[in-house]
Each structure stands twice: as C-alpha cells, then as structure tokens.
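The primary structure of each chain is shown beneath.
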Amino acid sequence: MERNFKEIEERLAKGWEDAGIFEADPIKGKPKTFITFPFPYMNGPLHIGHALTSTRCDVYARFKRMQGYNVLFPWAWHLTGEPISGAALRVKKGDREQIKIFKEMDGVPDEELEKFTDPEYIASYYIKESKQSIKQLGHSIDWRREFHTTELHPQFNKFIQWQYLTLKEKGYVKKGTHPVIWCPNCLSPTGDHDRLKGEGATPVEFTLLKFKFEDAYLPAATLRPETIFGVVNMWLNPDVDYVKLKVGSEKWIVSRQAAEKIKEQKEDVAEIETVMGKEMIGRYCTHPISKEDILILPAAFVDPDNSSGVVMSVPSHAPYDFVALKDIQKDPESVKKYNITKEMLDSIKPISLIEIDAFGEHPAIEISDRMKIKDQNDPRLEEATEIIYRAEFYKGILKENTGKYAGMKVMEVKKMLVADFEKIGVADRMYEVSEEVICRCNTRNIVKILKNQWFLKYSDEEWKDRVREALNDMIILPHDARSNFEYTIGWLDDKACARKGGLGTPLPWDREWKVETLSDSTVYMAFYTISKFVNEYKIKAENLTKEVFDFVFLGIGDISKIAENNNLDEELLKEMKAEFDYFMPVDFRNSAKELIPNHLTFYIFHHVALFKKDKWPRIIGVNGMISIEGDKMSKSKGNFVTLKNALSKYGADTTRATLLYSSEGMKDPDWRFKSAMDISKRLDAFYDLALQIIEMDGEPGTGSARDESDANQPKPPAAFSLKRQIDRWILGRLQGHIKKVTDDYENVRTRSAFQTAFFDIFKDVRWYMRRDVPQKEILNHVLDVWVRLLAPCIPFLAEDIFSKMGGNGFLSVSRWPEADESLLNEEAETGERLIEKTAEDIDSILKVTKIKPKKIVIYTSPIWKWQVLEIVRGLEKPDMKRVMERAMKNDELKSKGKEISRYVTDLLKNITKIESRKRIDEYMVLSEAVGFFSREFGCEVEIFPAGKRDIFDPLNKKNQAAPMKPAIYVE
RNA sequence: GCGAGAGUGGCGGAACUGGUAGACGCGCUGGACUUAGGAUCCAGUGGCUUCGGCCGUGGGGGUUCAAGUCCCCCCUCUCGCACCA
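## As for the sheet that holds strand E28 (residues 631–632)
Taken together, the 3 strands give an open sheet; going across it, the order is E28-E27-E29, and neighbouring strands pair in mixed fashion. Strands with a single pairing partner mark the edges of an open sheet, and in this sheet they are E28 and strand E29 (670–671). Examined bridge by bridge, strand E27 (residues 627–628) and E29 share 2 bridges and lie parallel to one another. Its bridge partner lying in E29, Ile 628 is registered against Trp 671.

Structure below.
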C-alpha cells in the first residue's frame, strides 16, 4: 500500500485535536513535565531551524507523556522589538527589498501584502500561518494557553509589568548611562544585523587632551594619552571646516563631524561659529602640562570623520607624526603661505618619553627608517604604527621626563593618567566607532551616550552566585554546553533592558521606554500556567494587578482581599495558583546554542531573581545551528527553507525524522534535500514492512497485545512460544533496544534514538524474517513495541500503524515499553552471531572456490578449544607458559598437550581479536539452523562436532574448527 | 583576540570509561526475483599490495602491550563575544 502521508497526517492531526489529548490540566498525584520552546519571532514564517528545535521539544514531550507524565507543552508568539514595526514602516514607504522578501521568500500574496503596513497585521498573518505549520508538524501542544507578547496583548502586558516592578523592587533594575552605536537618521541604536557595513564595530573611548588656543581649547583625540609628554606640534587639516563649540563652560574647536558626535555625547553643547582649518595653521596653542607653545601645522591625514579631528604630534613614538613632520621640514616652501618659517620648523625636535628594549631613543623614527617609508602617503605607515603601539604598550616604560609616572609601564599607567588629567581639567573623553558603521538606512553612524537608560544589573555578584547555584542543580544537555553557561555568567555585565522604538511592554514607571526583546522573554513560561484561565474566562487586564500576580506566583497576600480588590472570583484565583504550583518549574527548555550567551542565561537569572528555588529551571537542552546544503541559511542567499514548504514537500514525519537524525550534541546539523528523500524512502519501506506484518497469516490482526484493564500496555512476551533460538534472540535484542532508546530520549539524543529505534530494529526484523519462518505473534509484539519507540520521532506513521494493528485509543497517549531484563539473552545473541558468521564464511569460500555447492559440512569447535580459550581469557597477562600450566592441571586437557600448545600460539598471536563471548553449544545451535543454511545455499547441509571420531571429513577440515569459527567443507 | 565545539571512506556520519576504526544510511559494483523497475532481497565496497601483508581518523611530536580517543605544538572550519531577534 502506498504511504499517503498527506491523508494520514491530516486525519491524525484532526483526531488528536478533536480528542484533546494534548491538553494538560493538573492531576493530583500525577507527576508532571513542563516543556517550553522559546517563542518564535513573528516577522516571517517559521523555518526549518525553528522546526529542529521545536521538534526536539515535542519528542521529549511525547516521550514523557508515554512514560506516564502529565505533560504540558504550550506555545506562544514573540512580537517584541523593532523588526516587525520596521518592516511595516518599510512596506508603507514602498521599500522594494522588503516587499520582495515578503513576496518571494515568504510567499505572501498581493492582497495580504497591502495590509502589511500595519505591524499588528503582519504579526497576526504569520501567527496564523505558523500555527497551522506547527499543528501540521504534529506538535503535541496545549493550544488553550496560546498568547503573544507586547501591549498588543493587554494581559501579558500586565505580566511583564509585574515582572519589572518586582525586579526593580528587588534592586535588579537600575538607571545608567552607556555608549551605543547610534543612527542619527533612525534615532535608535544600530545592532550588528541592522548594519550595511561595520558588523562587529563597537564604541571605542578616546582621550581628549585639551590644548589652550586663544579663548578655546583644541581637544586632541588619542588612544595614547601618556604620549602627551612627547607632543611637539599639533596637526589640523587645512581643508576642513572646524566648529567652535560651547561645551558646558568651555569652548572647544573640533571638526564639523566631531561636533555632531559631541552633541550626542556631552551635556550642554551649542555651536558658536565656524572656523576654517587653514585659519588656525601657523599659530600656537599651549601644551596643557608644560605650558609651552605648540605650533599648529597642516596635515592632510587628519580625518575630520575620526573622533575630534584634532591630532597631537608625537614624532618620537608615532610614525605618522614623524614622517609628516619630516615631509614638511624638507619642504618649508609648502607652508610658507601659513607664515611658517624654516626656523620655526627647524626648532621642532622629537621628544622621547618611552623606554623600550627593542628600540633606541626614537622608536618611530627607527621603524620608519627600517621600513624605508617614503612619505606620509606610504600605506605601510599603518603597519609601522601598529608595531610601535603594541611594543610600547606591552613593554614600554615611561622615562624621567614624565614626572610622577616615570618608571611605570605604559599598560599600567594609562588609566591612572587619564583620571589624574581629568581631575585637573586637562583631559576629557569622547567615543568613536571602532570602524565605519553604515546603517541599513544608508546613514553613517556615530556613538551616542544614552542617558537615563534602564539596565538589568547582571553584573551583580550576589545575583551571579545564585545563578551559579541554580546552574549547578540543573541538567544541561549536552553536558559539554555547561561551560558555555559558566563562561557567560562570568563576563556578563549590566544590560540595557528597554528601548524606545519597536513593539513591547512599556516600563510601568517610565512609559516612554519599552522592555526590549531579550528582557521580556525570560520568565513568561510562568504565564502559560495561567493563560488558560485568561483565555477561557476572558480575564481583564485591569484585574491582573501586581498583587494578583504576587499571590499566584509567590503566595503573597490574603486571597479574599485580593479577589475583592480585583473583581476576581476567589475560586478562580485559587485555581490559578494551583495551576502555577503544579506545573512550574519548567522541566525542559530547548534552543539553538547561539542563545546560550544571552537568552538561556538570562532565563536562569530572572527565575532566580523572581521565584523560589523550587521553581527554578530543571533541564536546558541546546542544539547546533542548522545549515542548508552546507551553507548558512539566509534570506539574502535565497536558500531559506520554510517549515511550510518542507511540510508540503516531504510531510511531517519525514521532516521531523530528517531533522532529528541530522545531528546531535552541539554539532551543526545540515539540511539536505537528498537526506530528506532518503529518509522518506526508508519510511516508505518501514510502512510496507509494518503492513506486511499486520497482514501476515496467523492469528487475526489484533495479535498484538492488549489487555482490557490497561488498554495499551504491550502484552507480556512470556506468553509467546520461545522454543526457537531466533525467537529468543529477537525478543532479547528488543529489550536491549528499548533500554538504549529510552536512555537516548531521556538525554534528548535524537540522532542515536532514531538510529536504534528505526534502523537497528529494522535490521533485526529483517534478519528474523530471513532466518526462519517468522511467528506472527512475535512480529506483532515487536511491531507493537517498535511503533511505541518511534512514536516521539514519527508520530503520524507510528500512530497510523498502531491503529491498523487494532490498537486501542491513541498511540500518542499509550504506555512506553519497559525492557524486560529477563528476556535479555546473551546465549541466543551469541548463537545468532555464530550462524551469521558461519554463513558469511561459507559465502566467501564459495566465492573463492567458485563452487556451486552440492553439499556443505560444518564442523563445530571441540570443547577443549573453548576450555583453552577460557583459560587465556581468564589470565590478565597470558603467555604460553602460564596458559600451559593452567591447562595441564585439567585432566581432560592433559592428553592434548601438543595440540593445545599449537592452538595457544595462534590465540596469543591474535590476542586483541579474541571476542569475549560465553561458551555455547555450537553443535546444537547450528543443527537447529540447518534449514536456514540449506535454504540460503540451496543444498544439503550437515553439522558435525569436530571432537567426534569417525565423521565424514574428506579434506581433514575438522581440525581447523575453533570457537565461533567452525570448519567448513564444501563439495 | 577571548570562550566553546569540530576536523574520520566517494558522501552524511558511528565508535559510551584508550581494546578488531569506518556502525547505520546514501552512492557505487555484482547477483537474485521480475513484463518492467528509480521497487524489493542478498553480497561486496578506506588505500596500497609481489596476496604474505603493509599503510591509514587535519599536520608534527609524545605516553602505552594497545591511541580517533590521553599529553604537548601547529593548521583549518563552525558558533558566540551584548543593546539584536
């Protein structure tokens, strides 16, 4: 029969939904498992990466449900942040790129696209579509608890406000100031992914050293404030417009571009007038420390876009300065127009202030000579600067002329020096981007100091300690990932938790700020436990006050008063609290590994801050990052695989199995079209085999295994006839598989689980059917266990086969099989191994001799060889002498000294190859399999024990017979 | 640069505490069954080979009776390093 996955999947999804089997309510005394998937962001359709992570959650949910846990697996949607509202705005403006993404990548039809100017509409569109996909994918979700974030959901909004009010109360939220990369056009911080250029760029702090110039200051920007002691001239760009600024009570002269930055970084800044660069050249400013006159010289290399546009010159330690100065000194004519004379130029001499072993008096001069740098346009100046900077920073020591800093290392003195200079009003600071940043809106970005920004105090050591405590009690899967959490907790610093743009929940005490996306996704799982009531009873947002949440989540307050104050039924309030108490904490949460340094760690932080210890998270699972055909998945590359497309192409089971089988641990899985096709074919084959078993002759189809009292428990196998080794073998193997698969699911090792539950059992069943006439009852039982083991991975197919077997109710809520240790059968295992190996050996003999066999004779090992083998195995360091000593003590062996020594020599040669199997009665095992051998090779087969006298043995083969390696004669 | 993970056949990938490397799947080769087969079943499949073996887990050293696995050095790839979902 054809496997029509569409028909099967649609029918069963509806069946599950109609029966409501995935809806979970508290059941007294029944253990629960609470599983959550990080709610997806709805600015586009779900993709195959979401599906990987969510399917891992669903596998765990289905597994635990079958194990008898009351499993709650809810779902919600994340709308917080800029992208949805940004996209809506771009659609409104007719942005072609954006419209193309919606149309071509996401497949949004034109009539829908028209409404995409509204962020709420975009969200609702994708929620609808995604919900459909998740249902189709067979996730066992309790949809009654569905919700979405931001103020678009007033009740959830209240929940986040409760969270933040509580955090603030506890002192985990504070006000702060912070430099960010800022787009002056969008009027918002620009994150990495919002940049056309400058990914990875960060704000860098420059020290401004203020040189008095007439009634103002020239603030020279530098990363090397200690070199102030070596300044001999000043550089300004003659072709640049400078601006005189009022900065507080001072006046600064900086480039026009710098003025715009300073406005974003300082208080009380106003522009006074424009000053042309060339007007200032040839005049003198005053050194802030030595008070000496410093000549201002022209320099084209001064970039008005970089920091203040004012550069101090330290030719002794800065190659640029040295080379530029030399260029001018060589050609005094060029600066004559600024009224600069040769004498003025010649009086400028480098001042050395840093001592370093690798260089002499003037390192910058030395390196410029060494590298034969021609002039200030030489591109290698960059490299020279780098070399000197590094060498001096790590190894340099300040000289006598630096006053109180003399003798100190450069790397140690920086901070102290800046602090000192700031104190005496000589230094200030400004921020600059570490490299050019261009926003997606095509605007060049600057650094802005955000004031009155709200921060989560992740730097708090006490908080961190409690997070570490929580982490210690948690299970991290895979275990390797734990160190990533520890590392993250270590470096985590205060984090801005609110933004001004995009969608979100306003901070209750400062409503112009909205809780940003990584900060409103940390404890929302608690909301699932009450969203059922919110949805069902349409509880109003205004009734969800802080005291209500305090009561439900923390057990604080008097229930009657709270009920009255908030117009809520007391019973309802009680039920909400009971629901929370029952289902919390979250037992299992899973996501991709990229979320460890932020979301997953924040998740622990907030739980620890808000809830009692018994509500802290239990297990976190992580998986790798998915790629498509070996490439990173991205919309711009056009290799974006949506869940919807995968489902329509391959169906749910194939999609699930392909994902689950694609990787394990932290390895990055790769989605390949071909793998999906392979899996699909294998599933077809499995379906055929299952139907074949069901339709086999024998007891009518109900063969497997139910009893009325416990509808879905597999039948105790003891009732089967286990006379044949092959029957004992397959049941024994099955127990081993049950144990392994159970352990794999427990640790969410889906690849291993699927390997065993699908392929390994498949292989065993094939062997069973080939080896002898199969017993229908046994196959029915195997299939019954088999579909249970597969149900978490391929729920539709497993469920369908289960129902075709005549199973009662739904497999999805049937019992998980338990391994029956008493059925593990090493003897049968060894026996089958012997048969398999013997068949292989005969095969290769036939191949080499090219005989078409008329008769095959198999000679099994004599007992004494087993005995000798056991002696060898029993010795820690076997050698000939010790083995023979032992053997000669045995009366049965004594008479065979010569033969034994020959055999032992052989054994010791291949000592590493000895299999440690228990002795079996080979003669009996092979005799039982005579039928199998004759069928396989199409001829008469005889078995003799090699130890027996007077047996048919024309080529004297029997002496070669050894344990697990019978001798073979073919004619 | 820092932290984490990884590098194994033609391919995807196994190998838990060091113990027959390449499980399982794909592909390929041969065979069986077939009106047919892109179906199914069976067998073979790391390289070299004078057919006795020899060499093989990114590269180079080391520990051990025994190393993909442990130790040291180096190379390459992936993810993360925050105001972004």
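More follows now that the structure is in view.
## Focus on empty space enclosed by the protein
Left-over empty space is what a probe sized like a water molecule reveals as it rolls over the atoms. Counting across every chain of the model gives 2 cavities of 30 Å³ or more. Space inside the largest cavity adds up to approximately 40 Å³. Around the largest cavity, the lining residues are Leu 52, Arg 56, Asn 623, Leu 659, Leu 660, Ser 663, Glu 664, Gly 665, Pro 669 and Thr 750. Contributions of two or more residues to the lining of the largest cavity are made by helix H2 (48–66) and helix H23 (652–662). Residue composition of the lining of the largest cavity, by class: 4 nonpolar, 4 polar and 2 charged.

## Comments concerning the layout of surface pockets
Its volume calculated, the second largest pocket comes out at about 1,200 Å³. Along its surface, the second largest pocket is lined by 39 residues, and Phe 206, Leu 223, Asn 306, Tyr 320 and Thr 385 are the ones closest to its centre. Broken down by secondary-structure element, the contributors of at least two residues to the lining of the second largest pocket are strand E6 (203–213), strand E7 (216–222), strand E14 (311–313), helix H10 (319–330), helix H13 (381–395) and strand E17 (427–433). Among the elements that take part in the lining of the second largest pocket, H13 stands out by supplying 6 residues, more than any other. Considering only residue class, the lining of the second largest pocket consists of 18 nonpolar, 9 polar and 12 charged. Summarising the domain contributions, the lining of the second largest pocket has at least three residues from each of domain 2 (173–202 + 434–456) and domain 3 (203–433).

## A few points about the domain arrangement of chain A
Domain assignment breaks chain A into domain 1 (149–170 + 497–584), domain 2 (173–202 + 434–456), domain 3 (203–433), domain 4 (673–828) and domain 5 (834–970). Taken together, the contact between domain 4 and domain 5 spans 9 residues of the former and 10 residues of the latter. Buried area between domain 4 and domain 5, both sides added, is near 890 Å², and the carbon and sulfur share of it is 44%. Where domain 4 touches domain 5, the interface holds 1 salt bridge.

## Concerning the packing of aromatic side chains
Taken as a whole, this structure holds 68 aromatic pairs when the rule is applied. With a centroid separation of 5.9 Å and 90 degrees between ring planes, the pair formed by Phe 754 and Phe 759 is classed as edge-to-face. Positioned over the ring face of Tyr 217 is Lys 210, at 5.4 Å from the centre of the ring. The aromatic ring of Trp 513 is capped on one face by Lys 500, whose charged end is 4.7 Å from the ring centroid.

What counts, and at which threshold
Residues numbered from 1 in each chain as written. Chains lettered and ligands numbered in written order. Predicted model: local features only at pLDDT ≥ 70, side-chain atom pairs only at ≥ 80, totals over all residues. Heavy atoms only, no water. Pairing = 2+ DSSP bridges. Helix = DSSP H or I, 4+ residues; strand = E, 2+ residues; numbered from the N terminus. 1 Å grid on protein atoms, 1.4 Å probe; cavity = no way out; pocket = protein on both sides within 12 Å on 5 of 7 lines; lining within 4 Å. Points joined across faces, edges and corners; volume = space filled by probe spheres on them. Nonpolar A, V, L, I, M, F, W, Y, C, P; charged D, E, K, R; others polar. Domains from an automatic or database assignment. Contact = heavy atoms within 4.5 Å. Buried area = accessible area lost by both parts, 1.4 Å probe. Salt bridge = Lys/Arg side-chain N within 4 Å of Asp/Glu carboxyl O. Phe/Tyr/Trp six-rings, centres within 6.5 Å; stacked < 30°, edge-to-face > 60°. Lys NZ or Arg CZ within 6 Å of the ring centre and 35° of its normal.

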